[in-house]
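In case you want the letters, here they are:
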Amino acid sequence: MELRHLRYFLALAEELHYGRAAQRLSITQPPLSLNIQQLEASVGAPLFVRNSRGVALTAAGQAFVPAARAALDQVARASREAREVAQGVRGHLQVGFAGTVLYRGLTPILRRFAQEHPSLRLSLREMSSSDQLTELLHDRLDAGFVHTARVPPGCSQILVSRQGFVACLPAGHALARRRTLALGQLAGEPFVLIDREVSPDYHDRLIALCAQHGLEPDTRVALQHWLSVVAAVSQGLGVSLVPEAMRQVGLPGVVFVPLAGDVPVYDTHCLWKTEREAPALAAFLGAVRGIAPALESQL
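As a starting point, this report considers the structure included with it.

Calculation notes
- Residues numbered from 1 in each chain as written.
- Predicted model: local features only at pLDDT ≥ 70, side-chain atom pairs only at ≥ 80, totals over all residues.
- Heavy atoms only, no water.
- Helix = DSSP H or I, 4+ residues; strand = E, 2+ residues; numbered from the N terminus.
- Buried < 20%, exposed > 50% of the residue type's maximum accessible area, 1.4 Å probe, protein only.
- 1 Å grid on protein atoms, 1.4 Å probe; cavity = no way out; pocket = protein on both sides within 12 Å on 5 of 7 lines; lining within 4 Å.
- Points joined across faces, edges and corners; volume = space filled by probe spheres on them.
- Nonpolar A, V, L, I, M, F, W, Y, C, P; charged D, E, K, R; others polar.
- Pairing = 2+ DSSP bridges.
- Disulfide = S-S within 2.5 Å.
- Axes fitted to C-alpha atoms, helices over the stretch in contact; angles between N-to-C directions.
- Parallel < 35°, antiparallel > 145°, perpendicular 65-115°, else oblique.
- Left-handed = near helix turned anticlockwise from the far one by under 90°.
- Contact = heavy atoms within 4.5 Å.
- Salt bridge = Lys/Arg side-chain N within 4 Å of Asp/Glu carboxyl O.

**Observations regarding unusual backbone geometry**
In step 1: With a phi angle near 50°, Leu16 is a residue other than glycine that sits in the positive phi range.
In step 2: Tracing the backbone through its elements, the reader meets Leu16 in the loop between α1 (3–15) and α2 (18–25).
In step 3: Judged by its relative accessible area of 34%, Leu16 falls in the partly exposed class.
In step 4: Even without being glycine, Ser26 reaches a positive phi, approximately 60°.
In step 5: Here Ser26 lies in the loop between α2 and α3 (29–43).

Below, the structure is given as structure tokens:
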């Protein structure tokens, strides 16, 4: 049984006349009759009967009509969806994000993408930068927003945003009202930092920066998320150095003080495997490129 058999059957079922059905299908009557015979042999039952008035559907033919229409409709839908996926107007992407991207860049990118490609769906997964790199390399993510300067071979990147670090202090801390703060002034303070396994690049850079200022952080708490770091500081568990975007979290009991002198820059990159050529991914990267220049210039 082939699709043409179903099309020929439905044309004859609707016209109930071989001549009119053949004309509608732009064929002659002999191939129409042959295809109907082949279909009946495949089904194992007669679908039409000739009578004095012409052609009529048998009981089997009447039962076959809705199934034949449903089959052709399903094929048409599948073909349409395949074309739309190939054209980048339909599809499903897995996108990872980490750290401060929710506060610096992800929202306007998602808003633009939804406006430009309403039929494309995204599944967002909050993950550490290191976990995202693993998922990308194993094709379990289409793209990821990471905080790392180490881009694996075979991956491409877009710089989405950059920001400096600020000191994060409990609101009642003696240094909380300073306009700027030198890192050396935090000597002897208990520190709350992001876990090195979550963001090894920036963890090591912060430790190195402290060492340049004669400071060896007394890390009492290491956490998985920057928001958790700020929350721990607000509860008086220590001080920290956090990306500037964390000012936006709005937690009570915590203040942010700019650092004096040179401070490390916290970059966010959008990564994807260079070899991936999915049109839906290209559409998403177009939205990233459309937003990234404005975000990068905010430093």
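Back to the write-up after that little detour.
**Remarks on the layout of surface pockets**
In step 1: Considering only enclosed or pocket space, the largest pocket measures out at about 310 Å³ in volume.
In step 2: Contributing elements (two or more residues each) for the lining of the largest pocket: α6 (129–137) and α8 (226–234).
In step 3: Broken down by class, the residue content of the lining of the largest pocket amounts to 10 nonpolar, 9 polar and 3 charged.

**Some details on the pairing of strand β6 (residues 155–170)**
In step 1: By the criterion of burial, β6 is predominantly enclosed, with 14 of the 16 residues buried.
In step 2: Pairing geometry for β6 and strand β9 (residues 240–243), over 4 bridges, is antiparallel. Directly across from Val166, in β9, lies its bridge partner Val242.

**Here we look at the state of the cysteines**
In step 1: This structure, assessed with the given rule, holds 0 disulfides.
In step 2: With no disulfide of its own, Cys155 lies closest to Cys270 among cysteine sulfurs, the gap being 11 Å.
In step 3: Relative accessible area serves as the criterion here: at 13%, Cys155 is assigned to the buried category.

**Description of the packing of α1 against α2**
In step 1: Relative to each other, α1 and α2 sit at 135°, their axes nearing to 8 Å. Accordingly, the angle class assigned to the pair α1 and α2 is oblique. Considering how the two elements wind past one another, α1 and α2 form a crossing that is right-handed. Contacts from Arg7, Tyr8, Ala11, Leu12, Glu14 and Glu15 in α1 reach Tyr18, Arg20, Ala21, Arg24 and Leu25 in α2.
In step 2: Taken together, the residues of the contact of α1 with α2 break down into 6 nonpolar, no polar and 5 charged.

**Side note on the pattern of salt bridges**
When their charged atoms lie close together, side chains carrying opposite charge are able to pair.
In step 1: Per the counting criterion, the structure on display carries 13 salt bridges.
In step 2: Between Asp139 and Lys273 there is a salt bridge, with its nearest N and O atoms 3.3 Å apart. Taken together, the residues Asp139 in the loop between α6 and β5 (143–146) and Lys273 in strand β11 (residues 265–273) connect sequence positions 134 residues apart.
In step 3: We classify Asp139 as partly exposed; its relative accessible area is 41%.
In step 4: The shortest N-O distance in the salt bridge between Arg162 and Asp267 comes to 3.0 Å.

**Notes on empty space enclosed by the protein**
In step 1: Taken as a whole and assessed by the stated rule, the structure comprises 1 cavity of 30 Å³ or more.
In step 2: Estimated volume of the largest cavity: approximately 30 Å³.
In step 3: Around the largest cavity, the lining residues are Leu181, Ala182, Leu183, Leu209, His213, Leu259, Ala260, Asp262 and Val263.
In step 4: Per-class residue counts for the lining of the largest cavity are 7 nonpolar, 1 polar and 1 charged.

**Re the side chain of Ser129**
In step 1: Tracing the backbone through its elements, the reader meets Ser129 in helix α6.
In step 2: Residue Ser129 is classed as buried on the basis of its relative accessible area of 5%.
In step 3: Residues in contact with Ser129, not counting those within four places in the same chain, are Ala98, Val146, His147 and Val198.

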